[in-house]
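Structural features, examined
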Amino acid sequence: MRRRQFIVLFAAAVAWRPFIALAQTSTKRPLIAVLIGASQATSQRFLSGLPHGLQELGYVEGRDYEIEYRYAEGDLTRLPALVDELIQRKPSVIVVGNTPAAVAAKRATASIPIIAATTGGPVSAGLAASEARPQGNVTGIISGLGSLVGKQLELGFELIPGAKRAGVLVNAGNVAGIVFRQGAEAAAQAMAANLISVEARTPADIDSAFQTLARERVNIVIVVPDPMFANERRRIAERAIATRLLVVYPFREHVEDGGLLSYGIDLRENFRRAAAYVDKILKGAKPADLPIEQPTKFELVINLKAAKAIGLTIPEAFLVRADEVIE
């Protein structure tokens, strides 16, 4: 009798083993990998938009998903190695913060879905066949700053009536910088303004870049979006004040750290919207079928302390148009 009971119990255990394995597999939480070009400290505010967006969709970290971050600390050459680290963790989806990170991720994998919370020129960068139908493993949201640079120039010239000389600060090591510089050149030509492009590939180049801009007697400077510039935003703000240059930035974070004026997308809102892409991917959607979207929220932020430091008086009519004025 005992031998018969043993055989029955053993057979039952063998029969249930596949179901036990299936149950263990089904409870495994998907991993969301996040690759950022800047540092954790400089990215903290806008990165919070991603978990906030997931929470709005009903997801709870630790219960419904796990998340891992990697930061390039402003050094774009680190992106390929960081992507490899994340891929070894077998993520369900990779969320990236900019075009260089998206390019590095796409080169590393053709199978894992990639969502770019901000990307400039995804088609020209080889990330997608078209914005309507990406046809690959990359989708996301366009930064919009390639076309917004015209508005940035317009705002800067409005504060210095009669000015016609502008400078643009670009990191030539960033593929997206080419798109933004081309946008700046086209906008300047339409305004019959002279545009001088100055490059800074490393933090050490920033001081000499501003010396060049001051020597060229530009009236305003446009800083293009770049992880290294984000990391060095306080240094850039200090050099702008030291050279008494009116500088227009792409994101509010620059102004919060001492910059004069920003006009562009709300990065936090873009990362919040990226959560909707993550939700669709985890539910079985393919990036190839998810159109790349346009940004929906733009903001103008002004720092009055920075204005005073360069001797600039901002008219009240200009201030009332701002989304936020930092005293």
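In the block above lies the structure referred to throughout.
Here we summarise the structure given alongside this text. These figures come from a predicted structure and were not determined experimentally. (Residues numbered from 1 in each chain as written. Predicted model: local features only at pLDDT ≥ 70, side-chain atom pairs only at ≥ 80, totals over all residues. Heavy atoms only, no water.)

To continue, consider helix α12 (residues 267-282). Compared with an ideal rise of 1.5 Å per residue, which puts 16 residues at 22 Å, α12 spans 23 Å between its outermost C-alpha atoms and is within 8% of the ideal. Among all positions in α12, only Leu267, Glu269, Asn270, Phe271, Arg273, Ala274, Ala275, Tyr277, Val278, Asp279 and Ile281 are buried. Where α12 starts, the residue carrying a side-chain oxygen 3.0 Å from the main-chain nitrogen of arginine 268 turns out to be aspartate 266. Trailing α12 by a residue or two, glycine 284 shows a phi angle of about 110°, which is positive. (Helix = DSSP H or I, 4+ residues; strand = E, 2+ residues; numbered from the N terminus. Expected span 1.5 Å × (residues − 1). Buried < 20%, exposed > 50% of the residue type's maximum accessible area, 1.4 Å probe, protein only. Polar contact = N/O pair within 3.5 Å; in protein donor to acceptor, adjacent residues only side chain to side chain.)

To continue, consider the sheet that holds strand β4 (residues 114-119). Spatial ordering of the open sheet is given by β2-β1-β3-β4-β5, a layout of five strands whose pairing is parallel. The open sheet has two edge strands, β2 (66-71) and β5 (138-142), and neither has a second partner. Geometrically, the sheet is characterised by an average inter-axis angle of 20° between neighbouring strands, direction not taken into account. Sitting on the sheet, helix α4 (residues 79-88) touches β1 (31-36), β2 and β3 (93-96), and the angle it makes with β1 is about 175°. (Pairing = 2+ DSSP bridges. Axes fitted to C-alpha atoms, helices over the stretch in contact; angles between N-to-C directions. Contact = heavy atoms within 4.5 Å.)

Another point: the layout of surface pockets. For the largest pocket, the calculated volume is near 280 Å³. In this structure, the largest pocket is lined by 16 residues; those nearest its centre are Asp75, Leu76, Thr77, Pro100 and Gly173. Per-element accounting of the lining of the largest pocket gives the leading share, four residues, to helix α5 (residues 99-108). Size it by volume and the second largest pocket reaches roughly 150 Å³. (1 Å grid on protein atoms, 1.4 Å probe; cavity = no way out; pocket = protein on both sides within 12 Å on 5 of 7 lines; lining within 4 Å. Points joined across faces, edges and corners; volume = space filled by probe spheres on them.)

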